[in-house]
Amino acid sequence: MKDFELYQPKSIEEACRYLARHRGRARVLAGGTDLLVELKGGRVKLAAVVSLKSIKGLNKLTYTRKEGLRIGAMVPWTQLLDSKPVARNYPLLRKAAEKMGSIQIRNVGTLAGNISHASPAANGPIPLLLYEAECMVEGPKGRRVIPVEKVFGGVQKNTLRSAEVLTEIRVPTPPPGANGTYYKFALRRAMDLAVVGVGALVRAKNGVFDDVRVALGSVGPKPFRAKRAEKVLSGKMIGDQLIREASEAAASECAPITDVRASKEYRIELVKELTFRAIKESLS
Amino acid sequence: MSKESDDRREVKVLTREKLDLRQLVKAPEVGPSVVGRSIVRTDAMLKVTGRLDFGADYLQDGFLHGKILRSSHPHALIKSINTKKAKELPGVAAVLTAESVPGRNGFGAIIPDQPVICGDKVRFVGDAVALVAAETEKIAHQALELIEVEYDPLPPVFDPREALKEDAPKIHEKGNLLSYNKLRKGDMEKGFAQADVILERTYQVPFLDHAYLEPDICMAIPKADGTMLVEGPMQAPFTVRRNVNAVLGVPINKVRVRQIPMGGGFGGKEDSPIDLGCRAAVLAYHTRRPVRIALEREEITLQTSKRHPMIMQIKIGAKKDGTLVAFEGVIYDEQGAYASMGPVIPPAGGSHIHAMVMMPGPYEIPNVKVDAYLCYTNHPYGGAMRGFGAPQVHVAHEQIMDELAEALNINPIDIRRKNGFREDSATATGQVLEQSVGLHDTLEVCTRAFDWDRRYQETGYVDEGKTKRRGIGIGLGWYRTSIGTNNDACGANVYVHEDGSVLLYTGITEMGQGSFTVLPQICAEELGVRMEDVRLVQPDTDVVPESGPTVGSRSTTLMGNAIILAARQVKESILEMASEMLMVPMDRLESRDRRIYDRDNSGKSLEFREVAARCMAKGKRLIGQGWWAPPPPTLDPETGQGNPYFVYTYSTHMAEVVVDMETGEVEVTDYVAAFDVGKAINPKAVEGQIEGGVAMGLGYALMEEVALEGGYIQNLNLKNYLIPTSLDVPDIEPIIVEVENRFGPYGAKGIGEMPNLPATPAILNAIANACGGRVRTLPADPERVFWAIKEAERAVR
Ligand SMILES: Cc1cc2nc3c(=O)[nH]c(=O)nc-3n(C[C@H](O)[C@H](O)[C@H](O)COP(=O)(O)OP(=O)(O)OC[C@H]3O[C@@H](n4cnc5c(N)ncnc54)[C@H](O)[C@@H]3O)c2cc1C
């Protein structure tokens, strides 16, 4: 690991200043469970690391029906797992937290870090895409809001500007009556990256697909909403044949790669089957 | 610490006489003696409380940090090395290249064909081209980056079959065929002529990494008197010493090797401490300062030994009723870049010949032929890994037995009942198994405990959606105790002191398997003292007698016998003295639980320590030295016939899996494993070996593989080299069966390596039973299972 400057700012503005000073050669440190791995591997070389640990208020997790869930940038996965409002209103986020690494990783790793890291295989994006969350971002030029769908820029690339910090993730209350599920398909039962991630959130009305959301991970440079699949279903009568069609459509939106974990052909097969199952399970 | 385990789960120990197959009896657990009791491991508290110091915890004051510059090519000539810039870096104490090695520039467990530092040529990406010692690890890293090496790449060889071709590039001067061995029994033509069914299959297994928890570390400390002290976690201190002395060019007695607590080895820490020991010692020799080399996880994967990959071809013939008549096997055993533990040590040592001997499985087959080729390639090198050539062939013979059973429409357990070894069976090498053959006992006990017959009827879909199918599978196994070399022997010293306390000296190491508990148990039992009276001395080549390596599931049996012999020498003094003191003839005296008493009049007794004190006062011998070697091994190099190993452990495993038919995902849902261990000196410790071994065998079946591309390893750390987590391992029910080994201490035989062997094929067979697809190239990860299912479905249509 190369030497770098470590800053421990007390406010977001101060953090942004340090990031701006080392423009492009500085990164934010949350739990460090992604960043330190990259630094140790030598792939990422930095002049400065800006820790968010000393900034008050970033570990807040609040929920109101009206405002939905607000997740501070330093809220670790364990806090999400322990939260009653999350368990009650955001079962898919809870499932993502359950399937996240190990206890040690969950104790320090954050959802904000997971999203900022922008790995296509990550747990966090799937529920956030389905719940249509928003990222609150603060930088030298002020604040802005990025819909979670727009925050992923490519494999391990986010769309934040270089001196910006993700301060909070806001998750609106899911549409009433919607049901969903999240599958993390991996090669072993814990401590592994997803070969394919599939999530669905479905509301049915009178035997018709009313609101359908499907999100996919590990099958392209970014996690994404499978819009084609959603379109196939939306407003149509519920039926297995149709869901199969939608699953095929979902597969057609994927551009997976072959790596040590699995081939792209296999990933496509998994998307077809798991999308079908996810929608079916969401309906039951 | 000698409290018994408070884990109250039932330990099933069944002796042959007690083997009531209608009912699983719980054997009476605790006798009055020390042996046979589940005494808590002597290192348990230290380990679970974190108070035991492993190598990484040792003080680093005054140490230089050694680092290794490794090859950037799998096969290349070294044109030039420029170390000038690295040497000039402040904080660098030494930058060494091949010519700096003072003695022999080569090491190896069997043949010293691996350069300490490569001079002219590199043979795999883990090869060392330069060594650095620096004041800090960071400076050492920086120095590595400053070394300039120019290579002339050579065409590489990555497949053992390619390596055998005449025009293949030569990896070593003598060529790529390191060993060719053969086994010939009976008449193959006649054999196959009797067969109603003949099956031909090829099975393939990849390189595996041991993935021991503790990263390798080694410390070399030059002493003022010219002795080199080498310390580290290691399984074979004497082999390390034998290499370090040659590499330094000094006599054996100028090297002292001390084993320190070891966080897992699985055979891997037989080789790597030789490698690190030699390299650290050379750095220490040049700098005259203590040097430590601590490998990082990626370096371990790159540099250290692996389980040999094999391509195994089998042609098997059987009669309609399942009787085996002929077995023909070919093994392409990939050695990788260096000889390590592969080649033959006569008559039957080395992993390659072991694989050949074991290949036909624990079955009586009149006509057998095996040809086994051990080939160099430009891959990492194969060494010892829990089973030493046997896990691979178990994958082959246990799968073909199931494929055969299916072809003959016979229940998989019946075909094994028909052919499995019994007392007086002859093995493929013509060895008649005269004693301690509990294979069928394990088979029957396991069948009952697992409820095989019922479950065999109940396979099929488990869910309404018809996506998941249940299946069950069986794997039999056998494994030697001992290593099949002529020098396989163990020495032990037992010192009794005037207060009755005991020191036990052995060269057997503790790597988590429990030897440091079982060996003192044997010593205490034989002397008639309590467990807590015996302290075991950490192996140190200056202090303990030569004991060979801690491998081959040999420790409890061979060392146990040596300890008994040593203890008896002392006990003789003690009983002689007690006889004088009590005025009771010696042959009526018994030593037990710290007391010496008259068997016919137990009121007449002395305390063990009183007698020991009297011996000391009178100048009577209180030290014993035991030496034990098993019956000599034999194996004809032309026919592969003989008695390569003196006794075997037998086992039956049964697994239940659920396979997702649309994704290929496999869950192992239930598991029973029965073992004939001769005698369980410490039943809990045996259980521990069984449970850990099954987990390891499961990893081999389902997920483990060193992924190689063009000679480069793709999964260098544990993020991508997957081993099972606790969530991947089912509840395992271990059953211990005791069929006495006439040559073993209290009837014991080996258990250490055995438990992972049948686990892998039991799971593979269960997968095939569940989904109809068979994965013949490991690992059976979800993708391979998925495509196997698709292939099977196509075949049906
Ligand atoms: C053993 C292990 C197991 C793992 N298992 C999983 C798993 O199962 N699933 C999974 O998805 N991931 C897994 N991970 C990856 C990692 O733990 C998660 O992505 C985690 O949520 C990252 O959070 P962090 O707080 O540690 O991020 P950090 O490492 O601190 O940061 C990650 C990246 O995001 C940036 N960043 C962090 N916070 C902010 C912010 N507020 N604003 C702007 N940029 C920011 C950092 O600069 C860095 O580039 C695992 C990692 C390890 C080491």
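Treat the numbers as computed from the prediction; the structure is a model and nothing was measured.

In terms of helices and strands, chain B carries 19 helices and 30 strands. Whereas a compact globule of 797 residues would reach a radius of gyration of roughly 28 Å, chain B reaches 27 Å, a difference of no more than 12%. Each principal axis of the C-alpha distribution contributes one length, and for chain B these read about 85 × 75 × 55 Å. The proportion of buried residues among the 797 residues of chain B is 59%. Partitioning the contacts of chain B with sequence separation of at least 6, the portion at a separation of at least 24 is 80%.

We now examine the overall build of chain A. When you go through chain A residue by residue, the secondary structure sums to 12 helices and 14 strands. The globule rule puts the C-alpha radius of gyration for 284 residues at 19 Å, and the 19 Å found for chain A is close to it. Referenced to the eigenvectors of the C-alpha coordinate spread, the extents of chain A come out at roughly 60 × 45 × 35 Å. Of all intrachain contacts in chain A linking residues separated by at least 6 positions in sequence, the fraction that spans at least 24 positions is 62%.

Our focus in this paragraph is the packing of helix α10 (residues 390-408) of chain B against helix α18 (residues 759-771) of chain B. All names here are of chain B. Viewed as axis vectors pointing N to C, α10 and α18 meet at an angle of 35 degrees, and their least axial separation amounts to 8 Å. For the pair α10 and α18, the crossing hand works out as right-handed. Along its contact with α10, which presents P391, H394, V395, E398, Q399 and D402, the element α18 presents T760, P761, L764, N765 and A768. Among the residues making up the contact of α10 with α18, the classes are represented as five nonpolar, four polar and two charged.

A word on the domain arrangement of chain B. Residues and elements named next belong to chain B. One can read the domain layout of chain B as domain 1 (62-154 + 217-303), domain 2 (310-484 + 634-796) and domain 3 (490-628). For domain 1 and domain 3, the distance between their C-alpha centroids amounts to 40 Å. For the side of domain 1 that touches domain 3, the class distribution of residues is six nonpolar, six polar and five charged.

Residues and elements named next belong to chain A. Not every one of the 28 residues close to the ligand is listed here, only the nearest: A30, G31, G101, G113 and N114. With five residues, the single largest contributor to the shell around the ligand is helix α7 (residues 111-117). For the shell around the ligand, the per-class residue count stands at 15 nonpolar, 11 polar and two charged. Counting contributing residues, the shell around the ligand receives three or more from each of domain 1 (5-51) and domain 2 (61-171).

With that settled, consider the domain arrangement of chain A. One widely used convention gives an interface's size as the accessible area the parts lose upon coming together. Residues and elements named next belong to chain A. Looking at chain A, the domain boundaries give domain 1 (5-51), domain 2 (61-171) and domain 3 (180-283). Just the C-alpha atoms count here: the centres of domain 2 and domain 3 sit 21 Å apart. The interface of domain 2 with domain 3 comprises 19 residues on the first partner and 20 residues on the second. Those elements giving two or more residues to the side of domain 2 that touches domain 3 turn out to be α5 (91-98), α8 (125-131) and β8 (152-154). Considering each element in turn, the side of domain 2 that touches domain 3 owes the most residues, five residues, to α8. Looking at the side of domain 2 that touches domain 3, its residues break down into 12 nonpolar, four polar and three charged.

Let us now look at the interface of chain B and chain A. Taken together, the contact between chain B and chain A spans 16 residues of the former and 14 residues of the latter. For the side of chain B that touches chain A, the per-class residue count stands at seven nonpolar, five polar and four charged.

Before going further, it helps to examine the sheet that holds strand β19 (residues 490-496) of chain B. Residue and element names in this part refer to chain B. Pairing is mixed in the open sheet, where four strands are placed in the order β21-β20-β19-β25. On the outer flanks of this sheet lie β21 (534-537) and β25 (623-628), each paired with one strand and no other. Across this sheet, the average inter-strand angle for adjacent strands is 20 degrees, counted without regard to direction. Strands β19, β20 (502-506) and β25 of the sheet are contacted by helix α15 (residues 555-582), whose axis makes an angle of about 145 degrees with β25.

Turning our attention to the pairing of strand β3 (residues 76-82) of chain B. Residue and element names in this part refer to chain B. The sheet contact formed by β3 and strand β5 (residues 121-122) spans two bridges and is antiparallel. Of the residues in β5, the one forming a bridge with A76 is V122. Pairing of β3 with strand β7 (residues 148-153), which is carried by six bridges, proceeds in the antiparallel orientation. From the neighbouring strand, L77 faces β7, where its bridge partner is D152.

Residue and element names in this part refer to chain B. Taken over all residues, the pLDDT of chain B has a mean of 95, while the share at 70 or more is 96%. Contacts from residues 18-32, a stretch scored under 50 in pLDDT, to residues over four places away or in other chains number 22 contacts. Interface confidence for the predicted complex, expressed as ipTM, amounts to 0.97; the pTM equals 0.96.

All names here are of chain B. Ranked by internal contacts, the top residues of the largest apolar core, which has 339 residues, are V132, A281, I563, I763 and I767. Sort the elements by how many residues they give to this core and α15 lands first, with 13 residues. Look past the residues within four positions of V132 in its chain and what remains in contact with it is G66, K67, L69, A86, V92, A94, V95, A140, A143 and L144.

We now examine unusual backbone geometry. Residues and elements named next belong to chain B. P346 connects to P347 through a cis peptide bond whose omega is -5 degrees. Here the amide bond leading from L778 into P779 is cis, since omega sits at -5 degrees, within 30 degrees of zero. Inspection of the secondary structure puts P779 in the loop between α18 and α19 (782-796). One non-glycine residue, S340, lies in the positive phi region at around 45 degrees. Residue position: S340 is located in the loop between β15 (324-336) and α9 (351-358). The phi dihedral of N409 is positive, around 60 degrees, even though this residue is not glycine. For N409, the location among the structural elements is in the loop between α10 and α11 (412-419).

All names here are of chain B. End to end, helix α6 (residues 237-248) covers 16 Å across 12 residues, agreeing with the expected 16 Å (1.5 Å per residue, within 8%). Across the 12 residues that make up α6, a large majority, nine, are buried. When α6 is considered as a whole, its buried residues turn out to be P237, T239, V240, R241, N243, V244, N245, V247 and L248. Tucked into the core, α6 has its buried residues touching β11 (228-232), β12 (255-259) and α7 (268-287). Backbone geometry just downstream of α6 places G249 in the positive-phi region, at approximately 70 degrees.

Attention now goes to the sheet that holds strand β7 (residues 142-147) of chain A. Residues and elements named next belong to chain A. Strand order in the open sheet formed by five strands is β4-β5-β10-β6-β7, with antiparallel pairing between adjacent strands. Of all the strands in the sheet, just β4 (61-64) and β7 have a single pairing partner and so form its edges. Neighbour-to-neighbour, the strand axes of the sheet open up by a mean angle of 20 degrees, direction not taken into account. Where helix α1 (residues 12-21) meets the sheet, its contacts fall on β6 (134-139) and β10 (165-171), and the angle it forms with β10 comes to roughly 130 degrees.

What follows deals with the packing of α6(B) against α7(B). Each packed pair of helices is defined by two parameters, the angle between the axes and the distance between the axes. Residue and element names in this part refer to chain B. Viewed as axis vectors pointing N to C, α6 and α7 meet at an angle of 35 degrees, and their least axial separation amounts to 9 Å. Crossing hand, α6 versus α7: right-handed. Between α6 and α7, the contacting residues are T239, V240, N243, V244, V247 and L248 on the first element and P273, I274, G277, C278, A281, V282 and Y285 on the second. A breakdown of the residues in the contact of α6 with α7 according to their chemical character gives 10 nonpolar, three polar and no charged.

About the criteria used
- Residues numbered from 1 in each chain as written.
- Chains lettered and ligands numbered in written order.
- Predicted model: local features only at pLDDT ≥ 70, side-chain atom pairs only at ≥ 80, totals over all residues.
- Helix = DSSP H or I, 4+ residues; strand = E, 2+ residues; numbered from the N terminus.
- Rg over C-alpha atoms; globule rule 2.2 N^0.38 Å.
- Buried ≥ 20, exposed ≤ 12 C-beta atoms within 10 Å, placed from the backbone.
- Contact = placed C-beta atoms within 7 Å.
- Axes fitted to C-alpha atoms, helices over the stretch in contact; angles between N-to-C directions.
- Left-handed = near helix turned anticlockwise from the far one by under 90°.
- Nonpolar A, V, L, I, M, F, W, Y, C, P; charged D, E, K, R; others polar.
- Domains from an automatic or database assignment.
- Near = placed C-beta within 6 Å.
- Pairing = 2+ DSSP bridges.
- pLDDT = per-residue confidence, 0-100.
- Core = buried A, V, L, I, M, F, W, Y, C linked by C-beta atoms within 7 Å.
- Expected span 1.5 Å × (residues − 1).

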